[in-house]
Amino acid sequence: MKSQSTLVFSNELPPAKKLGEEILLIYDQILAQKSPVFKKWSKQINLHYAVKAGEHLKDIEQFPKHIKAITKLTEQTSVKKLTVVVVGGGSVGDFGGFVASILKRGVRLLHIPSTWLAAIDSAHGGKTALNVGGAKNQIGTFYPADQILMVRSVLMSQPEARAYEGFGELIKIAFIEGGKLWTSLAKERQVNSRVLWKYLEPAVKAKYKVVGRDPQEKKGIRHVLNLGHTVGHVLESYYELPHGIAINYGLDFALRFSLQKKIMKPVEFEKIYAEPVMGYLLSPLRDDLISIQSHDLKEYRRLLLSDKKKTKSATLRFVFVKKAGQTVIEEVSVDDILIEICRQREEELHG
Ligand SMILES: NC(=O)c1ccc[n+]([C@@H]2O[C@H](COP(=O)([O-])OP(=O)(O)OC[C@H]3O[C@@H](n4cnc5c(N)ncnc54)[C@H](O)[C@@H]3O)[C@@H](O)[C@H]2O)c1
Ligand SMILES: [Zn+2]
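Just so it is clear, the structure is predicted and the values come from calculations on it, not from any experiment.

**Student:** An account of the packing of helix α11 (residues 243–260) against helix α15 (residues 334–350) is requested, with residue identities and associated values reported.
**Tutor:** Across the interface, α11 lies against α15 with an axial gap of 11 Å and an inter-helix angle of 95°. For the element pair α11 / α15, the angle class is roughly perpendicular. Taken together, the residues of α15 that come into contact with α11 (itself represented by Phe253, Arg256, Phe257 and Gln260) are Asp336, Ile337, Glu340, Ile341, Arg343, Gln344, Glu347 and Glu348. In terms of residue class, the contact of α11 with α15 is made up of 4 nonpolar, 2 polar and 6 charged.

Okay, structure coming up:
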């Protein structure tokens, strides 16, 4: 296992023989339908394992069935020769990475992310995961891929509407990194696949800067990557939103909470929100989200408390933004977050 992955950015998929001696391809079955380029390319590889993406794939109850089939498929290959190549979004990456980390006690792993979310965020940093009893990411390993290939033609096979999902993680890392990544992204008037591809390399490098300082999440440094995720996760579960969309809301919440707590100065807040790109942080769904009822708050409370990043008491380490490139982590109580959700709702309704 490598501690640092090699990153490759290319327009097309490389010849399969360049990727490893014997390859087990674990891939999202949707790609065989949606991406003729992938379908043709995959024919160069003998060992295939197609999966249906989603949280069900990560369910531990399903895992024995998968690992039995995969063990059988690879029984003739040696640990030295075998490379697992995972092509898919975050769920396939979490599953395939976990498989590679335990198959024959760990084999070479390559990721080829097929969603923006995976290309910007989940394929990097070495976390693999399965869900237990409906709770997300309860078990897993740290297993950084040997190589991660960001392939333009694979990413461009996604419907354009998915760009908004990738945007959540892109803007998150831009707030954390600040500098040129933020100042140039801030000027973008449209968020589409072209823009995501343009910022992919600097965004990924910014994530590695954080991960590299705390590869196994032991020092708490990686916690900053949780920016926008505290409330984002609640909205994701409660409204069954795609992760990236929920993060867009979570980031907006975090910025406004930062202003309210006087961590961010009003002038800074206005400067950020005046940037053209900020128009994309809010989607038309927003109107539904602000009609919070009191029974919702109870459920929000339960979800906040069940978030795995909580501390022992009813407090959370919340990631605030002081200015682009400067984050501040502070303990806040779950009740403070709920009060702030209500305050922001009132502000939206009555200005
Ligand atoms: N390991 C980590 O550090 C980390 C970080 C963030 C998120 N995650 C995990 O990532 C998952 C979410 O990621 P995701 O949204 O990429 O999930 P996903 O794998 O479920 O993909 C989302 C959808 O896109 C489809 N899809 C994939 N590639 C496509 C393509 N090229 N064209 C058309 N459709 C395509 C999939 O079939 C699926 O329906 C969650 O399970 C989350 O827990 C992991
Ligand atoms: Zn995320």
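Still more ground to cover, so stick around.
**Student:** Summarise the sheet that holds strand β1 (residues 6–10); cite the residues concerned and give the values.
**Tutor:** Pairing is parallel across the open sheet formed by 6 strands, whose spatial order is β1-β8-β5-β4-β2-β3. In this open sheet, the two edge strands, each paired with only one partner strand, are β1 and β3 (47–51). For this sheet, the mean angle separating the axes of adjacent strands, direction not counted, is 15°. Bridging between strand β4 (residues 82–88) and strand β5 (residues 108–113) involves 6 bridges; their strand directions are parallel. Bridging across to β5, Gly88 finds its partner in Pro113.

**Student:** Give me the lowdown on the coordination of the zinc ion (ligand 2), citing residues and values where you can.
**Tutor:** Donor atoms from the polypeptide that coordinate the zinc ion (ligand 2) comprise Glu169 (OE), His229 (NE2) and His243 (NE2), at 1.9 to 2.1 Å from the metal. One chain supplies every donor for the zinc ion (ligand 2), spaced along it as E-x59-H-x13-H. With Glu169 in helix α7 (residues 163–177) and His243 in helix α11, the pair connects residues that are 74 residues apart, well separated along the chain.

**Student:** Quick rundown of the pattern of salt bridges? Include the residues and the values.
**Tutor:** By the definition in use, this model includes 21 salt bridges. Here Lys58 makes a salt bridge to Asp94, at a shortest N to O gap of 2.8 Å. With Lys58 in the loop between β3 and α3 (63–73) and Asp94 in helix α4 (residues 90–102), the pair connects residues that are 36 residues apart, well separated along the chain. Here the two residues Lys58 and Asp94 agree in accessibility, since each one is buried. A salt bridge links Arg343 to Glu347; its shortest N-O distance comes to 2.8 Å. Note that Arg343 and Glu347 are positioned in helix α15 at a spacing of 4 residues, about one turn of the helix. Judged by its relative accessible area of 33%, Glu347 falls in the partly exposed class. Via salt bridges that share partners, Glu55, Lys58, Asp94, Lys136 and Glu236 belong to a single interconnected network.

Rules behind the numbers
- Residues numbered from 1 in each chain as written.
- Chains lettered and ligands numbered in written order.
- Predicted model: local features only at pLDDT ≥ 70, side-chain atom pairs only at ≥ 80, totals over all residues.
- Heavy atoms only, no water.
- Axes fitted to C-alpha atoms, helices over the stretch in contact; angles between N-to-C directions.
- Helix = DSSP H or I, 4+ residues; strand = E, 2+ residues; numbered from the N terminus.
- Parallel < 35°, antiparallel > 145°, perpendicular 65-115°, else oblique.
- Contact = heavy atoms within 4.5 Å.
- Nonpolar A, V, L, I, M, F, W, Y, C, P; charged D, E, K, R; others polar.
- Pairing = 2+ DSSP bridges.
- Donors = N, O, S within 2.8 Å, 3.2 Å for Na, K, Ca; no water.
- Salt bridge = Lys/Arg side-chain N within 4 Å of Asp/Glu carboxyl O.
- Buried < 20%, exposed > 50% of the residue type's maximum accessible area, 1.4 Å probe, protein only.

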